[in-house]
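Spelled out, the chains give:
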Amino acid sequence: MIHAVILAGGSGTRLWPLSRRQLPKQFLRIEGERSLLEATLDRLQPLVDPAHALIVTGTEHARGEAYQALHAFKTLLEPVGRNTAPAIALAAAWLSRGEDDPVLVVLPADHVIRDLPAFHAALRQAVDAAQAGALVTFGIRPTRPETGYGYIQAATDGDAVVPVQRFTEKPDLATAERFLADGDYWWNSGMFVWRASSILAEVERHLPEVHEVLQRIRADWDASGTGDPQPAVEAHFAAMPSISIDYGVLERSDRVRLVPCDIGWSDVGSWDAVHDLAVQDDRGNALQGKALAIDCDNTLLHGNGRLVAAVGVRDLCVVETADAILIAPRGQTQRVREVVDELSRRGASECRLHLTVQRPWGSYTVLEESPGYKMKRIAVSPGASLSLQRHQHRSEHWIVVSGTATVTRGEEVFTVAPNESTYISIGQRHRLENRGRIPLQIIEVQVGEYLEEDDIERFEDVYDR
């Protein structure tokens, strides 16, 4: 039995403003019509059945904007981020319950691989080595002196699976140039294959603090008998140390082997990488969405709604969304995370959410916001409902634009037709439902001293938020 463990908990800060904390890049369509997560699952077929995939992601993602992208899959939800070692150990423990000892193909959810036949050939090699007890990683043939990747040293002989000599964290430019010239260094792809028992044994050996917390989680799983892993994870996972699987296990283990690869791989780790992956014109410009380039060279223009037009520019990345525009020179787009850090420091919503926010029941779009009031357009899918809730700091006025709203307000339950309205006062329990067959759209006007999304006290919620 082969299982896939898909790591989908990252924040995707380097692809801001398209990627946001509550809907990061792995859930977005960066290339083509499929999200990066969907494309990751697609490329495993036919070697791994998608029914045998486990998505490890954050609770904030799964119960927020990424709900629709995740609800069809088996998931393990991390209440807090603790890097890759605890996430991988947790998945291995859950998938090896009972007598099972599956081979695990561990992949990040946010990579692009262009050469699928070469990837499948490498994957078959890795599975064979993993069945014999090895911890297998995929090394990517470097094409440039990249300082944004870790490196693995391994003297290869053709396409054979070979022992790893050492790992190196992200180097400076001079070191990366030396690695490229040497020929025995490979980019660390962050993709792995191993048996569940093999990685758990190495975690116990090299990361006893992770093993200890994992044992408490396993004991709760066994005692509950419910088949639901989440209560135990919620109770204990925060006690895990934050450590990567590379640093915590692979750099210390003598069981690590490398499969050398040339598979058209990219971690889509920056807007420079998006430019390199995109279709380009004869002057090296990549135009996405509504974009126009006149006399430009080697430039990425990404229009997400409005037209982005550029004249006479060179080596730029320009990315437009409804509430933010990024302008950065090619070669410096790794620094976009500095923007996100500063926005976080200021408490700005632009690092967390888009103006249009996806929810399990539909979506809302912020139309206007000023101190003391906020206006939204709310769309509720047929058959969906918001939670039974109340607010301590704001009142709400709802105007139905299309569809018919079923409203719970206190002890009342009534309908509101198009061009009609209703009012929810501060502190009133209320719920909005769409019991009809067409989408419900309303305009909501909030008035109050505090208008953020955490002013919601939920009493009943079908989405377990």
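Provided above is the structure to which this section pertains.
Reading the values: the criteria
Residues numbered from 1 in each chain as written. Predicted model: local features only at pLDDT ≥ 70, side-chain atom pairs only at ≥ 80, totals over all residues. Heavy atoms only, no water. Patch = residues over 30% accessible without salt bridge, like charges linked within 9 Å, V, L, I, M, F, W, Y side chains within 5 Å. Areas by Shrake-Rupley, 256 points an atom, 1.4 Å probe, with all protein chains shown as cover. Salt bridge = Lys/Arg side-chain N within 4 Å of Asp/Glu carboxyl O. Helix = DSSP H or I, 4+ residues; strand = E, 2+ residues; numbered from the N terminus. Buried < 20%, exposed > 50% of the residue type's maximum accessible area, 1.4 Å probe, protein only. Disulfide = S-S within 2.5 Å. Axes fitted to C-alpha atoms, helices over the stretch in contact; angles between N-to-C directions. Parallel < 35°, antiparallel > 145°, perpendicular 65-115°, else oblique. Left-handed = near helix turned anticlockwise from the far one by under 90°. Contact = heavy atoms within 4.5 Å. Expected span 1.5 Å × (residues − 1). Polar contact = N/O pair within 3.5 Å; in protein donor to acceptor, adjacent residues only side chain to side chain. Pairing = 2+ DSSP bridges.

**Student:** How should I be thinking about a nonpolar patch on the surface in this particular structure?
**Tutor:** Taken together, the side chains of Leu-292, Ile-294, Leu-307 and Val-311 define a hydrophobic patch exposed on the protein surface, amounting to about 390 Å² of accessible area. Among the secondary structure elements, those contributing two or more residues to the nonpolar patch are strand 13 (286–294) and strand 14 (300–311). Tracing the sequence through the fold places Val-311 in strand 14. With relative accessibility at 63%, the residue Val-311 sits in the exposed group.

**Student:** I would appreciate a short explanation of the state of the cysteines in the present structure.
**Tutor:** In a disulfide, the sulfur atoms of two cysteines are covalently bonded to one another. Applying the stated criterion to the full structure yields zero disulfides. Here Cys-317 is not cross-linked by a disulfide; its sulfur's nearest cysteine counterpart is in Cys-296, at 12 Å. Under the relative-accessibility criterion, Cys-317 is labelled buried at 0%.

**Student:** Which parts of the structure should I look at to understand the packing of helix 4 (residues 84–95) against helix 7 (residues 196–206)?
**Tutor:** Relative orientation and spacing of two packed helices are given, respectively, by the angle between their axes and the distance between those axes. One can describe the packing of helix 4 onto helix 7 by two numbers: an axis separation of 9 Å at closest approach and a directional angle of 130 degrees. The angle between the axes of helix 4 and helix 7 places the two elements in the oblique class. Note that helix 4 runs across helix 7; the crossing there is left-handed. Along the contact surface, helix 4 presents Ile-88, Ala-89, Ala-92 and Ala-93, while helix 7 presents Ala-196, Ile-199, Leu-200 and Val-203.

**Student:** What should I look at first to understand helix 5 (residues 116–131) in this one?
**Tutor:** Given 3.6 residues per turn, any residue in an α-helix points the same way as the ones three and four places further on. Under the 1.5 Å per step criterion, the end-to-end length of helix 5 is 22 Å for 16 residues, consistent within 8% with the ideal 22 Å. Along helix 5, the residues that are buried comprise Phe-119, His-120, Ala-122, Leu-123, Ala-126, Val-127, Ala-129 and Ala-130. Backbone nitrogen of Ala-118 and a side-chain oxygen of the N-cap are separated by 3.2 Å at the start of helix 5; the cap is Asp-115. Among the residues trailing helix 5, Gly-133 stands out with phi positive, at a value near 105 degrees.

**Student:** Please clarify how the sheet that holds strand 13 should be interpreted in this entry.
**Tutor:** Consider a sheet: its strands pair through backbone hydrogen bonds, and that pairing is either parallel or antiparallel. Pairing is mixed in the open sheet, where four strands are placed in the order 13-14-15-16. Strands at the two margins of the open sheet, each flanked by one partner only, are strand 13 and strand 16 (325–329). Strand-to-strand twist across the sheet, computed as the mean angle between neighbouring axes with direction ignored, equals 20 degrees. Strand direction decides the pairing type here: strand 15 (residues 316–320) and strand 16, joined by five bridges, are antiparallel.

**Student:** Would you mind going over the pattern of salt bridges with me for this structure?
**Tutor:** If the charged atoms of two oppositely charged side chains come close together, the side chains can form a pair. A complete count under the given rule lists 27 salt bridges for this structure. Arg-306 is the salt-bridge partner of Glu-320, the closest N and O atoms lying 2.9 Å from each other. Here Arg-306 lies in strand 14 and Glu-320 lies in strand 15, a separation of 14 residues in the sequence. Classification of Glu-320 by relative accessible area gives buried; the value is 3%. What makes Arg-306 partly exposed here is its relative accessible area of 42%. In this structure, Lys-376 and Glu-453 form a salt bridge, with 2.7 Å as the shortest nitrogen-oxygen distance. Note that Lys-376 is positioned in strand 19 (residues 373–380) and Glu-453 in the loop between strand 26 (440–448) and strand 27 (457–460), a separation of 77 residues in sequence.

Honestly, that's just the spatial picture; any functional story needs more than this.
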